Amino acid sequence: MNLIMFGPPGAGKGTQAVRLQEKYKVKQLSTGDMLRGEVSSGSVLGNRIKEIMEDGELVPDDIIIELIENCIGQPECKKGFILDGFPRTVAQAEALDVMLQKADRGIDHVIVLNVDEGALIQRIEKRAAETGGARADDNAETLKNRLTVYNRQTAPILPYYEGKGLLRQVDGMLPIDEVSARIDDVLDGRAAA
Ligand code: AMP
């Protein structure tokens, strides 16, 4: 089972991806977590992307595509994967298709978590307070830009997957357990696309 978790920052993609990883034994691939790992390692790549992330902008496609390509080929992704935070541009979505075709694999569902903008801001502020500001991009100012970037560069991917019949809309405003239940319905084939 290969899934894409899709939605704006703060929609709950990571929370749900962790649950799905546990339940279905498929590998969560969070590009945000991978990039934060690079930044905290102080590597050359980490230093290059630190500012981009702090500004809420997107890291260049070539870097991200390489990261994902390396992961998808690993044995831990053999049973399947959940892409959390990727793809974020149409170019990334197209590159994903090419790499999956080469590996004779495909995406089963693109799960879109829909959450109002006001609720997203509240959630990110809560996460910043709970983690003591551990994420440099979890603040009202950067969040505004992350939402702008989402609307401008990431949301345009939706028609791409809609055309392939892969989109599954889920109400991300519901309590976490309810959202999980709706996703289970999609995966069990109980929800209308
Ligand atoms: P996230 O943890 O998914 O919210 O990602 C945090 C930040 O990492 C984003 O605001 C971007 O700067 C960067 N990032 C994560 N995934 C991608 C991606 N697929 N393409 C470009 N930048 C990304």
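Quantities reported herein were computed from a predicted structural model and do not represent experimental measurements. Throughout, a residue's number is its position along its own chain's written sequence, starting from 1. Side-chain atom pairs in this predicted model are given and counted only at pLDDT of 80 or more, local residue features only at pLDDT of at least 70, and totals for whole chains, interfaces and linings cover all residues. As a rule here, side-chain values cover all heavy atoms of the structure and leave hydrogens and water aside.

Q: What is the right way to read the pattern of salt bridges from this model?
A: Pairing is possible between side chains that carry opposite charge, provided their charged atoms lie close to one another. Throughout this description, the term salt bridge denotes a Lys or Arg side-chain nitrogen within 4 Å of a carboxyl oxygen of Asp or Glu. Here the structure, examined in full by the defined rule, presents 14 salt bridges. In this structure, Arg 127 engages Asp 138 in a salt bridge whose closest nitrogen and oxygen atoms are separated by 2.8 Å. Of the two residues, Arg 127 is situated in helix 6 (residues 117–130) and Asp 138 in the loop between helix 6 and helix 7 (140–154); the sequence distance between them amounts to eleven residues. Residue Arg 146 pairs with Asp 138 through a salt bridge whose shortest N-O separation is 3.2 Å. Across the pair, exposure class does not vary: Arg 146 and Asp 138 are buried alike. Several salt bridges converge on common partners, so that one network encompasses Arg 127, Arg 135, Asp 137, Asp 138 and Arg 146. Helix and strand definitions follow DSSP, with helices as H or I runs of at least four residues and strands as E runs of at least two, each counted in order from the N terminus. Categorising residues by exposure relies on relative accessible area from a 1.4 Å probe, with only protein chains included: less than 20% of the type maximum marks a residue as buried, more than 50% marks it as exposed, and the intermediate range marks it as partly exposed.

Q: Explain the side chain of Gln 92 to me, please; I cannot follow it from the model alone.
A: Here Gln 92 lies in helix 5 (residues 90–102). Accessibility expressed as a relative area gives 2% for Gln 92, which makes it buried. Polar side-chain contacts of Gln 92 include one of 2.9 Å to the side chain of Asp 61. Residues adjacent in sequence count toward polar contacts only when both atoms are side-chain atoms; beyond that, a polar contact is any pair of N or O atoms within 3.5 Å, and within protein one must be able to donate a hydrogen and the other to accept it.

Q: Would you mind showing me how to read the nonpolar core here?
A: Formed by 32 residues in total, the largest nonpolar core has its most connected members in Leu 29, Leu 83, Leu 96, Ile 107 and Tyr 161. Contributing elements (two or more residues each) for this core: strand 1 (2–6), helix 2 (31–41), helix 3 (44–54), helix 4 (61–72), strand 3 (81–84), helix 5, strand 4 (109–114) and helix 8 (158–163). Take this core: its biggest share by element is seven residues, from helix 4. Note on contacts: a residue pair is in contact if any heavy atoms of the two residues lie within 4.5 Å. Once residues lying within four places of it in the same chain are set aside, the contact partners of Leu 96 are Ile 4, Ile 72, Leu 83, Phe 86, Pro 87, Ile 107 and Tyr 161. Among the nonpolar cores identified, the runner-up in size contains 20 residues, and Leu 3, Val 26, Ile 82 and Leu 113 belong to it. What makes a nonpolar core is a set of buried Ala, Val, Leu, Ile, Met, Phe, Trp, Tyr and Cys residues whose side-chain atoms join them at distances within 4.5 Å.

Q: Is there a simple way to explain the side chain of Thr 142 in this structure?
A: Turning to its location among the elements, Thr 142 is positioned in helix 7. Looking at Thr 142, the relative accessible area reads 9%, which means it is buried. In contact with Thr 142, not counting residues within four places along its chain, are Met 53, Glu 54, Asp 55, Gly 56, Ala 136 and Asp 137.

Q: Please clarify how unusual backbone geometry should be interpreted in this entry.
A: At the junction of Phe 86 and Pro 87, the peptide bond is cis and its omega measures out at -5° in the coordinates. Here Pro 87 shows up in the loop between strand 3 and helix 5. Positive phi outside glycine occurs at Lys 25, with the angle close to 55°. Within the secondary structure, Lys 25 sits in the loop between helix 1 (13–24) and strand 2 (27–30).

Q: When you look at the site of the ligand in this model, what are you seeing that I'm missing?
A: For this description, a residue counts as near a given molecule or strand if any of its non-hydrogen atoms is within 4 Å of it. Neighbouring the ligand are 16 residues, the closest being Thr 31, Glu 57, Gly 85, Arg 88 and Gln 92. Contact between the ligand and Glu 57: an oxygen atom at 2.5 Å from a main-chain N or O atom of the residue. In this structure, a nitrogen atom belonging to the ligand sits 2.9 Å away from a side-chain N or O atom of Gln 92. Accessible areas in this description were obtained via Shrake-Rupley with a 1.4 Å probe; residue shielding takes into account the shown protein chains only. Notes on the ligand: free accessible area 480 Å², of which the protein chains cover 96%. Under a 2 Å grid-point criterion requiring more than half of the atoms, the pocket assigned to the ligand is the largest pocket. Considering every element that reaches the shell around the ligand, the biggest residue donor is helix 2, with four residues. Grouping the constituent residues of the shell around the ligand by class yields six nonpolar, four polar and six charged. Put plainly, a pocket is an open set of points on a 1 Å grid over the protein atoms alone with protein on both sides within 12 Å along at least five of seven lines, a cavity is a set where a 1.4 Å probe fits but cannot get out, and a lining residue has an atom within 4 Å of a point. To qualify as sitting in a cavity or pocket, a molecule needs more than half of its atoms within 2 Å of the grid points. Under the convention adopted here, Pro, Cys and the residues Ala, Val, Leu, Ile, Met, Phe, Trp and Tyr are nonpolar, Asp, Glu, Lys and Arg are charged, and Gly plus all remaining residues are polar.

Q: Explain the environment of Glu 117 to me, please; I cannot follow it from the model alone.
A: You can see Glu 117 is positioned in helix 6. In this structure, Glu 117 is in contact with Leu 147 and Asn 151, ignoring residues within four places of it in sequence.

Q: Help me out: how do you make sense of the layout of surface pockets in this one?
A: Sizing a probe to match a water molecule and rolling it over the atoms shows the empty space that remains. Space inside the largest pocket adds up to approximately 1100 Å³. As for the largest pocket, its lining consists of 50 residues, and the residues nearest its centre are Pro 9, Gly 10, Lys 13, Arg 127 and Arg 135. Of all the elements in the fold, those that place two or more residues in the lining of the largest pocket are strand 1, helix 1, strand 2, helix 2, helix 6, helix 7 and helix 9 (176–187). Class assignment for the residues of the lining of the largest pocket results in 22 nonpolar, 15 polar and 13 charged. Grid points are joined across faces, edges and corners, and a volume is the space filled by probe spheres set on the points.

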